[in-house]
Structures are given as structure tokens and as C-alpha cells.
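# Descriptive analysis of the structure
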Amino acid sequence: KALFARLEAWWLGIDEYYRCIAPLVVANCVVFGLWRVPRLSHMMNRYFICKPGQSSVVRYAYNRPRPFIQLSTFSHQQFWHIACNMIALVSFGRFAYVAARSPSHVEPIGNEQFHAFYLSAGIFSSYMSYMYKYLVRATMIGSLGASGAVYAVMAFAIKEYPELSVSLLFLPFIPLTGSRGGGVG
């Protein structure tokens, strides 16, 4: 009991933003760790990669829908991929979180709504990747990662703070700003 009380006091004592973002980062890190367990490779490939040739949105496994579109949003196989995504999420997430919770915002959101936004953006980007691969007949190429969800958080932050100037890791010479459009807003 004392340990639980101390953990609860610690958790409630940290910044509210970190209480919001920590479950997302932890979920991504746990799934990254699961990829490192050889005995789980079959399950990870089956449920944590969005691959049109492997399964269908309407196909069922064990009489249940296969949640690969949702789960692939938390899945990373390389360290650099999860590191870039989590650094960007923590960095831009604060701007998006503060903007969405400000009284000047039309409807301030809570942690649950922020999580729903993140997950919805991840599912939407996974679905778009799925459909693109299906349309170009690249059905055996899988996708995974939180990049789509993180980009949505970044786009929201840039929209809310037009003075922000952002450069993407792979295109550092093209700054994105809310005032210039930058593909967002």
C-alpha cells in the first residue's frame, strides 16, 4: 500500500503534459521491446505490421477482427525510427497539448481526447498507407510506426503556433512554418 501511495503521489506530482504523453511513449517503447523477443516475431509480424498482402481489413482471425492498423501505429523495428518519432512527439506534443487546452481554443481537450487524436491520426495514416499499397499493387510491403500520428501532432502545433519554424530531419533545408503554410493548416 505504501509503495502504491508513493507512486500515486509521484505520478500526480509530475507535469500534466507528461502524464498525458508518457502512456503514448511507453506504449511505443514496450512494442519496440517486444520486437526484440525472437519468440514473439510471428505474432509481431502478424499483428503489428500493416501489410495488405498479409491480411485484409475484413478478414478475421479467430473470429475477431485483426487490429493490425491500430497496433502498427505503436510499432517500430529500428531504434532510429522510434527515437525520431518519440523525440518529435514529446517536442511538438507540448505545443499541441498546450494549444488544445488553452481557454482561447474553441473546446479545450483533455488527455483522453489528445490520445484519441493521436490514435485516430495514426489509424488514418496507416489506412492511407494500406490503401496506397493496395492501389499500386505493392501488397507485400508492410508499414509500421507512429510517423503519421506524430506528423498530425506536429501539423496541429504548427497550425496553432504559426511563428514556429520547423525543419524535418530528412529535409532540413525546407523550413515549415504556419505562416507560410508549409503543407499544414
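Residues numbered from 1 in each chain as written. Predicted model: local features only at pLDDT ≥ 70, side-chain atom pairs only at ≥ 80, totals over all residues. Heavy atoms only, no water.

## Observations regarding the overall build of the protein chain
- Looking only at helices and strands, the protein chain features seven helices and four strands.
- Along the protein chain, helices (α) and strands (β) appear in the sequence α-α-α-β-β-α-α-α-α-β-β when read from the amino end.
- Per-residue burial for the protein chain yields a buried fraction of 37% across its 185 residues.
- Pairs at least 24 apart in sequence give 65% of the contacts found in the protein chain among residues at least 6 apart. (Helix = DSSP H or I, 4+ residues; strand = E, 2+ residues; numbered from the N terminus. Buried < 20%, exposed > 50% of the residue type's maximum accessible area, 1.4 Å probe, protein only. Contact = heavy atoms within 4.5 Å.)

## Observations regarding the pattern of salt bridges
- Tallied over the entire structure, the rule returns two salt bridges.
- A salt bridge links Asp-15 to Arg-94, with the nearest nitrogen and oxygen atoms 3.1 Å apart. Taken as a pair, Asp-15 in the loop between α1 (2–13) and α2 (16–34) and Arg-94 in helix α5 (residues 79–101) lie far apart in primary sequence, 79 residues in all.
- For Arg-94, a relative accessible area of 30% translates into the label partly exposed.
- Put simply, Lys-159 and Glu-160 hold a salt bridge, and the shortest N to O gap is 2.9 Å.
- For Lys-159, a relative accessible area of 47% translates into the label partly exposed.
- Assessed through its relative accessible area of 25%, Glu-160 is described here as partly exposed. (Salt bridge = Lys/Arg side-chain N within 4 Å of Asp/Glu carboxyl O.)

## What to know about helix α7 (residues 147–160)
- With 14 residues, α7 should cover 20 Å at 1.5 Å per step; its first-to-last C-alpha distance of 20 Å lies within 8% of that length.
- Every buried residue of α7 is listed here: Ala-149, Val-150, Ala-152, Val-153, Met-154, Ala-155, Phe-156, Ala-157 and Ile-158. (Expected span 1.5 Å × (residues − 1).)

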